[in-house]
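Residue-level listing of the chains:
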Amino acid sequence: MQNIKIKEMHPKPFLSASGRIHKSSIVNRSPLKIENVIEYPELVKTPGKLIKFYAVSANSVDALLNNYLYAANPLLFNDPFDCPVQLWNLDSFRYENIQRFALFEDLIRKLGEDRFMSPIYNRNLFFESRMATLGIICLHEFSLNSSDCQDTLWGYYSNQQGFAVKFDSCILRKSLGAPFQVEYLDRSQLDKFSLDSIEEGEDFLPMFLRWTTQKKKIWENEYEWRFVLQDLEADTLMMDAPDKERKRTYCKDAISEVLLGLKFFNVTNMVEVSEKESYYIIDIEKQKDQCDLLSFLSDCSELKVSHMHMKQDELAIRPRRCEIFCEAHGRFHIKYLE
């Protein structure tokens, strides 16, 4: 890869309407060369708060209880247009080109060169191997700029029934490093990539950063930020990093608030005592994950908790501070502070 330029190692949200966070250029000569440049503008600021939305499940509750974020393999993202391998030039994975890289050199020696005559096979193998050590943690900006989009995100990720964890990004960065802002582009603007522009022994990370931090413009209301980790230890037999590697712990102090969705509490299980006081009774066996979450929040009295709330005369969802007390197994006292 030529012309790698890193101006700012701690990237911040991009404010300019015309600039790009990461830049790529296609050089029209044979063979096709795609040069990627990482460049961060000066006049920008990292968001103070980042938020993670969850549906209530055993995995999501476990992540909160044990203070970790899951660094996913980008090849397993639900959205096929998020980190697609199709953006990587297929011809650049031809046999005569890949054999100069140590990854393929070892495999060719073990398996024989006949296995590597298909560029599609080579590209798929390259990504399976490389993504095994790469992990992406996706969060969203929490600020006045993004507040109007929070209702949509609650619907996307939890049907308003889940929970969200708001983080202090400065504390979170101490554990995970610097996050990268996702840039939202029209399909024609999405950068493309090529092995032809990478010199032997050169680091792939700049390309992977650009590849993993661009999405279609339709998702721009997500205000997404990503921690891109490349140091995972992969299981060579499974061709992926095990869960214990993908679970990245953070300091508990990084949590600034836990928010419960508008429909987190099933109304049939809620007994309202007054405008500011309710009891919630659930079946522990049938709703174990929710019970574990509420029990944890009741034990952590120092943790700020809010329940998303909509007033009868106002078309807006806002957080409403509350305290949760576990009175018995499956019986919780919800006390609203405002």
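Above this note sits the structure.
These remarks concern the structure in this document.

Here the focus is the nonpolar core. Most often, soluble globular proteins keep nonpolar side chains buried together rather than apart. Grouped together as the largest cluster of nonpolar side chains are 42 residues, with contacts concentrated most on Leu-69, Phe-167, Leu-172, Leu-260 and Leu-297. In terms of residue count, the dominant contributor to this core is helix H9 (residues 288–299) (five residues). With near-sequence residues (within four places) excluded, Leu-172 lies in contact with Leu-69, Leu-139, Phe-167, Phe-227, Tyr-250 and Ala-254.

Right, let's talk about the pairing of strand S14 (residues 277–281) for a bit. In this sheet, S14 lies alongside strand S13 (residues 270–274) in antiparallel orientation, the contact comprising four bridges. When the bridges of S14 are listed, Glu-272 appears paired with Ser-278. Looking at chain direction, S14 and strand S17 (residues 331–336) are connected through five bridges and run antiparallel. Paired with Tyr-279 across the bridge in S17 is His-333.

Tracing the backbone shows Leu-185 in strand S8 (residues 183–185). A relative accessible area of 4% means that Leu-185 is categorised as buried. Expressed as a C-alpha distance, the spacing of Leu-185 and Lys-216, which sit 31 residues apart in the sequence, is 5.1 Å.

Moving on to the pattern of salt bridges. Scanning the entire structure with this criterion turns up 19 salt bridges. The salt bridge involving Glu-183 is made with Arg-210; its shortest N-O contact spans 3.2 Å. Here the residue Glu-183 occupies a position in strand S8, and Arg-210 occupies one in helix H7 (residues 205–212), the gap between them amounting to 27 residues. The salt bridge involving Glu-245 is made with Arg-248; its shortest N-O contact spans 3.7 Å. Exposure class is identical for Glu-245 and Arg-248. Each is buried. Taken together, the salt bridges that share partners define one network made up of Asp-82, Lys-215, Glu-222, Glu-224 and Arg-226.

Our next topic: the packing of helix H1 (residues 58–65) against H9. Orientation of H1 relative to H9, taken along the N-to-C sense of each, is 15°, at an axis distance of 9 Å. By the angle between their axes, H1 is roughly parallel relative to H9. Like other packed secondary-structure pairs, H1 and H9 cross with a definite hand, here left-handed. Across the interface between the two elements, Ala-58, Val-61, Leu-64 and Leu-65 from H1 touch Asp-289, Asp-292, Leu-293 and Phe-296 from H9. Its residues assigned to classes, the contact of H1 with H9 shows six nonpolar, no polar and two charged.

Turning to the environment of Lys-174, a few remarks are in order. As for its position among the elements, Lys-174 is in helix H6 (residues 169–176). When the C-alpha positions of Lys-174 and Ala-254 are compared, they lie 9.4 Å apart, and in sequence the two are 80 residues distant.

Phi is positive for Asn-67, which is not a glycine, with a value near 40°. Relative to the elements of secondary structure, Asn-67 occurs in the loop between H1 and strand S4 (68–70). A positive phi angle, close to 50°, is found at Tyr-223, a residue other than glycine.

Our focus in this paragraph is helix H4 (residues 119–131). Spanning 13 residues, H4 covers 18 Å between terminal C-alpha atoms, matching the ideal 18 Å at 1.5 Å per step. Listed in full, the buried residues belonging to H4 are Asn-122, Arg-123, Leu-125, Phe-126, Phe-127, Ser-129, Arg-130 and Met-131. Tucked into the core, H4 has its buried residues touching helix H2 (95–98), helix H3 (102–111), H7 and helix H8 (243–246).

Here we come to the pairing of strand S5 (residues 135–141). With seven of seven residues buried, S5 lies mostly within the body of the structure. Relative to S5, strand S3 (residues 49–54) runs antiparallel, the two being bridged by two bridges. Looking at S5, one finds that Ile-51 is bridged to His-140. In the sheet, S5 pairs with strand S10 (residues 224–229) via six bridges, with the strands oriented antiparallel. The residue bridging Cys-138 from the neighbouring strand is Arg-226, located in S10.

Let us now look at the sheet that holds strand S16 (residues 317–328). Taken together, the eleven strands give an open sheet; going across it, the order is S7-S10-S5-S3-S6-S12-S15-S16-S17-S14-S13, and neighbouring strands pair in mixed fashion. At either end of the open sheet lies a strand with only one pairing partner, and these are strand S7 (180–181) and S13. Both S7 and S10 contribute to a ladder of two bridges, which runs antiparallel. Among the inter-strand pairings, Gln-181 is bridged to a residue of S10, identified as Trp-225. The sheet contacts of H1 involve S3, strand S6 (163–168) and strand S12 (255–260), and relative to S6 the element is tilted by about 30°. Across the face of the sheet, H9 comes into contact with S6, S12, S14, strand S15 (305–310), S16 and S17 while running at roughly 90° to S16.

This part takes up the packing of aromatic side chains. Within the structure shown, the criterion is met by 22 aromatic pairs. For the ring pair Phe-116 and Tyr-121, a centre distance of 5.8 Å and an interplane angle of 65° mean the geometry is edge-to-face. For Arg-320, the ring lying beneath its charged end belongs to Tyr-336, and the centroid distance is 4.1 Å.

Cut-off values and rules
Residues numbered from 1 in each chain as written. Predicted model: local features only at pLDDT ≥ 70, side-chain atom pairs only at ≥ 80, totals over all residues. Heavy atoms only, no water. Core = buried A, V, L, I, M, F, W, Y, C linked by side-chain atoms within 4.5 Å. Buried < 20%, exposed > 50% of the residue type's maximum accessible area, 1.4 Å probe, protein only. Helix = DSSP H or I, 4+ residues; strand = E, 2+ residues; numbered from the N terminus. Contact = heavy atoms within 4.5 Å. Pairing = 2+ DSSP bridges. Salt bridge = Lys/Arg side-chain N within 4 Å of Asp/Glu carboxyl O. Axes fitted to C-alpha atoms, helices over the stretch in contact; angles between N-to-C directions. Parallel < 35°, antiparallel > 145°, perpendicular 65-115°, else oblique. Left-handed = near helix turned anticlockwise from the far one by under 90°. Nonpolar A, V, L, I, M, F, W, Y, C, P; charged D, E, K, R; others polar. Expected span 1.5 Å × (residues − 1). Phe/Tyr/Trp six-rings, centres within 6.5 Å; stacked < 30°, edge-to-face > 60°. Lys NZ or Arg CZ within 6 Å of the ring centre and 35° of its normal.

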